[in-house]
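As a plain string of letters, each chain reads:
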Amino acid sequence: MSALAVLAVDDEPPALDELTYLLSRQDDVDEVLAASDATDALRELNSHRVDAIFLDINMPGLSGLELAGVLAKYADPPMIVFVTAHEDKAVDAFDVGAVDYLLKPLREERLAQALSRVRTALEARTRASAPAPAPEPADRTARTAASDDVIPVEMSGVTSLVRRDTISWVEAVGDYARLHAESGSHLVRIPLSTLESRWQDKGFARVHRSYLVSLPMVTGLRTSGGQTLVAVRANGASEAVELPVSRRQVRDLKDRLIRDPLRRYRHPTTRDPA
């Protein structure tokens, strides 16, 4: 996929200048357009091809959330990334199909991560619109359906199915959960506790009140400053991470990662002859 064309929208000139400057510094961005309100944004979108729109939420006239609702009706809408100083609008933002939610002041590395999510979402849309492959034999399809738990995710009006075995780790976002999978990051309206109860016998472990990890994706444990960290390997569009392990979860995690596998390799104790 070629470099991205993006549109920055903010009603405050200093904030808009900073956003366009930071976007222009990203290697993944080829063109940066700017608009000072929703009306200007719609005018730019009607005259230019735009892959993503970086959008403030609180603006006079049509708000960023309202503009996102308008764009959702487009046949091929741009990906939406909200840029705001307010933390309390995240759920509303993801409800209208945003692929990311950035808090001001912006950091370049966080902006780069948002652009990576934009590209992943665009690639997923392209795959979803491609002709469907020939159906598999009925017996193989049945086996696949029985063995692969899937989660439906919404992304810019397209529903995709994310297989459980492609998910590296999951983080809690209020009453939602963000799946970090081979295909990228996906926000779903499922509490982390629900996924824990469904997947605890499928190779997943709760390591923290905010995190659930796939044990086959774990590469190690280490302690730093009294805090135990679990390392999760890179997986497609999901980068390698280290996640904190709560103290009450350390023993169970070590049991599942280290002690249980070792038990399978121990020889039965031989008794001395009488």
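Relevant structure appears above.
Our subject in this report is the structure included herewith. (Residues numbered from 1 in each chain as written. Predicted model: local features only at pLDDT ≥ 70, side-chain atom pairs only at ≥ 80, totals over all residues. Heavy atoms only, no water.)

1. Description of the side chain of Ser214
The topology assignment puts Ser214 in strand E12 (residues 211-214). Beyond its immediate chain neighbours, meaning those up to four positions away, Ser214 contacts Ile167, Ser168, Gly203 and Phe204. (Helix = DSSP H or I, 4+ residues; strand = E, 2+ residues; numbered from the N terminus. Contact = heavy atoms within 4.5 Å.)

2. Considerations on the sheet that holds strand E14 (residues 227-232)
The 3 strands are arranged E13-E14-E15 in an open sheet whose pairing can be described as antiparallel. Bordering the open sheet on either side are strand E13 (218-224) and strand E15 (241-245), each of which pairs with just one other strand. For this sheet the average axis-to-axis angle between neighbouring strands, irrespective of direction, equals 30°. Strand direction decides the pairing type here: E13 and E14, joined by 6 bridges, are antiparallel. Across the sheet, residue Leu221 finds its bridge partner in E14, namely Val230. (Pairing = 2+ DSSP bridges. Axes fitted to C-alpha atoms, helices over the stretch in contact; angles between N-to-C directions.)

3. Here we look at the pairing of strand E1 (residues 4-9)
The buried fraction of E1 is high, at 6 of 6 residues. The alternating pattern of E1 places Leu4, Val6 and Ala8 on one face and Ala5, Leu7 and Val9 on the opposite face, and all of these are buried. Bridge count between E1 and strand E2 (residues 29-35): 6 bridges; the pairing is parallel. Across the sheet, residue Val9 finds its bridge partner in E2, namely Ala35. With helix H1 (residues 13-24) bridging E1 and its parallel neighbour E2, the resulting β-α-β unit is right-handed. (Buried < 20%, exposed > 50% of the residue type's maximum accessible area, 1.4 Å probe, protein only. Right-handed = clockwise from strand over helix to strand, strands pointing away.)

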